[in-house]
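Residue-level listing of the chains:
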Amino acid sequence: MSQGKRARTALRTAVALALLGAFHLLPWLQLNGQPALLLDLSARQFHLLGVTLQPENALPLLWLVAAGIAALCLVTVLFGRLWCSHVCPQTVLTRVFRGLDRLTRFDGPAARCGPALRHALWAIIALWTGISFIGYFSPIGDILRDLLQLSLGPWECFWIAFYALATWANVLYLHEQVCTHLCPYSRVQHLIADARTPTVQYNARRGEPRGKHEPGSISALHRTRGLLDPVTASDYVFRAAHLAIAGALPKFNAAHLGDCTDCGACLSVCPIGLDIRNGHSSSCIECGACEDACDENMASRHFPEGLIQRAPPALEEAATGLRLKPLLFGALMLVALVLMIVTAGAPQ
């Protein structure tokens, strides 16, 4: 495994374990004899870290939510779609399922047992996810007790089954289609970002012209060719993406080839079928699968990694001057936090 892929995999795994651990453990935590986090709809109370809030004094919580949204926008404009690639529940659960898929692929006679085992394990995870989610609205200890005694109420049964089925079906059948078609954050992300927001992109100046490499060839970074000028690199990308218009690319000798070996790995692993080499698309959810595949290919040929990576736009493309959106989102976050503190201390 390449160093870049190893580091990204370790980070994603750590974030996923932290988020899943927090999600499933929070309903069990108690402070001063009360749940640490519980939205008790029947009693019209919200328990948060030992504090009980009524609907009429929950305004500080709304300002905290507003501050969180502003913080998400600030992180997005400064660092790109880290939410989609690391934190989004759909992304985390999809990675859990794909890990389960790898673990239940067997060889020989046991291969036929793999799908049944995979679906059974995923059904258990989905059911426990539904129970944990309902545990934020009703004490989870009572839910489990009633479940074991087969005395759950009809509404509890409905919502547990609903969220378990939603978890099971979303990840099993929809995967990243939720991200591209249903997610509201995906719809507005291009409005949040600015001209200097980092994106996952292909370094065409280093990679073009793409083509098959002879064994033992060396990277363009280590040859006198170096990086192409931006115009020439963009022309090669356009011609490779529009063969019907531009015609087939000419044959290049080893001295002129870029580092892209045209293996197609970045395209084959993309969950929504984008070719990152054709330029960044607003549909890209920046999951990093193309980064991992390309780094693996580069490492196998002893080329430097990073032909595809998360980076800000090239200097010749990026705007200069003051960045207004980070200042705006930062100011909104601070205002929301101040209002949260003020309203929390105001007499009720």
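The structure contained in this document is the topic of the report that follows. (Residues numbered from 1 in each chain as written. Predicted model: local features only at pLDDT ≥ 70, side-chain atom pairs only at ≥ 80, totals over all residues. Heavy atoms only, no water.)

Side note on empty space enclosed by the protein
Keep this limit in mind: Of the two site types, the cavity is a set of points on a 1 Å grid over the protein atoms alone where a 1.4 Å probe fits but cannot get out, and the pocket is an open set with protein on both sides within 12 Å along at least five of seven lines, each lined by residues with an atom within 4 Å of a point. Grid points are joined across faces, edges and corners, and a volume is the space filled by probe spheres set on the points. Polar here means any residue other than Ala, Val, Leu, Ile, Met, Phe, Trp, Tyr, Cys and Pro, which are nonpolar, and Asp, Glu, Lys and Arg, which are charged; Gly is therefore polar. Only DSSP runs of H or I reaching four residues or more are called helices, and only runs of E reaching two or more are called strands; each is numbered from the N terminus.
The final tally for this structure, using the stated rule, is two cavities of 30 Å³ or more. What the largest cavity holds in volume is close to 130 Å³. Surrounding the largest cavity, 14 residues form its lining, Cys270, Pro271, Cys284, Cys287 and Cys290 being those nearest its centre. For the lining of the largest cavity, the per-class residue count stands at 12 nonpolar, one polar and one charged. One number sums up the size of the second largest cavity: a volume of about 90 Å³. Forming the walls of the second largest cavity are 13 residues, and the residues nearest its centre are Cys260, Cys263, Cys266, Cys294 and Leu307. Listed by contribution, the elements that provide at least two residues to the lining of the second largest cavity are helix H13 (265-269) and helix H14 (289-300).

As for the packing of aromatic side chains
What counts, and what does not: Pairing of aromatic side chains requires ring centres within 6.5 Å, counting the rings of Phe and Tyr and the six-membered ring of Trp. Pairs whose planes differ by under 30 degrees are stacked, by over 60 edge-to-face, and all others tilted. Each residue's exposure class comes from its accessible area (1.4 Å probe, protein chains only) as a fraction of the maximum for that residue type: buried when under 20%, exposed when over 50%, partly exposed otherwise.
Evaluated as defined, the whole model comprises 12 aromatic pairs. Residues Phe133 and Phe137 carry aromatic rings whose centres are separated by 5.6 Å and whose planes lie at 50° to one another, so their mutual orientation is tilted. The class for Phe137 is partly exposed, based on a relative accessible area of 30%. Taken together through their ring pairs, the aromatic side chains of Phe133, Phe137, Trp155, Phe158, Trp159, Phe162 and Tyr163 make up a single cluster.

Observations regarding unusual backbone geometry
The peptide bond linking Glu208 to Pro209 adopts the cis configuration, its omega dihedral lying at -10°. Considering the arrangement of structural elements, one finds Pro209 in the loop between helix H10 (204-207) and helix H11 (230-241). In this structure, Glu286 takes a positive phi of about 55° despite not being glycine. Counting through the fold element by element, Glu286 comes out in the loop between H13 and H14. Classification of Glu286 as buried rests on a relative accessible area of 2%. Of note, the phi angle at His302 is positive, near 65°, even though the residue is not glycine. Here His302 is to be found in the loop between H14 and strand S7 (308-311). Judged by relative accessible area, which is 72%, His302 ranks as exposed.

Considering the sheet that holds strand S5 (residues 51-53)
For clarity, the threshold we go by: At least two bridges found by DSSP between two strands are what make those strands a pair. Working convention: axes come from line fits to C-alpha atoms, limited for helices to the stretch in contact. Angles between N-to-C directions cover 0 to 180 degrees.
One open sheet holds the three strands; their spatial order is S3-S4-S5, and the pairing between them is antiparallel. Looking at the sheet topology across the chains shown, the edges are occupied by strand S3 (37-40) and S5. The mean angle between the axes of side-by-side strands here comes to 15°, regardless of whether they run parallel or antiparallel. Where S3 meets strand S4 (residues 45-48), four bridges bridge the pair, whose relative direction is antiparallel. Its bridge partner being in S4, Leu38 is matched across the sheet by His47.

Quick look at the packing of helix H4 (residues 89-103) against helix H5 (residues 114-134)
For clarity, the threshold we go by: Oblique is the label for any angle not under 35 degrees, not over 145, and not in the 65 to 115 range, which are roughly parallel, roughly antiparallel and roughly perpendicular in turn. Crossing chirality is assigned from the near helix's rotation relative to the far helix, an anticlockwise turn below a right angle marking it left-handed and a clockwise turn marking it right-handed. Whether two residues touch is decided by their heavy atoms; if any such pair falls within 4.5 Å, the residues are in contact.
Between H4 and H5, the least distance of the axes is 10 Å, while the angle of their chain directions is 150°. In terms of orientation, H4 and H5 fall into the roughly antiparallel class. Relative to H5, H4 is oriented so that their crossing is right-handed. Along its contact with H4, which presents Leu93, Val96, Phe97, Leu100 and Asp101, the element H5 presents Arg118, Leu121, Trp122 and Ile125. Here the residues of the contact of H4 with H5 are counted per class, giving seven nonpolar, no polar and two charged.

A few points about H11
Which entries qualify depends on this criterion: Expected span of a helix, by definition, is 1.5 Å for each gap between consecutive residues, and there is one gap fewer than residues.
With 12 residues, H11 should cover 16 Å at 1.5 Å per step; its first-to-last C-alpha distance of 16 Å lies within 8% of that length. Contacts from the buried residues of H11 go to strand S6 (199-202), H10 and helix H12 (243-246).

Observations regarding the pattern of salt bridges
This is how the line gets drawn: We define a salt bridge as a side-chain nitrogen of Lys or Arg found within 4 Å of a carboxyl oxygen belonging to Asp or Glu.
The full count for this structure, using the stated rule, is 14 salt bridges. Salt-bridge contacts for Arg105 lead to Asp101; the nearest nitrogen and oxygen are separated by 3.0 Å. Judged by its relative accessible area of 16%, Asp101 falls in the buried class. Here Asp194 ties to Arg323 by a salt bridge, and the two come within 2.9 Å at their closest N and O atoms. Separated by 129 residues along the polypeptide, Asp194 in the loop between helix H9 (184-192) and S6 and Arg323 in the loop between S7 and helix H15 (324-345) bring together distant segments of the chain. Overlapping salt bridges bring together Arg8, Arg12, Glu291, Asp292 and Asp295 as one network.

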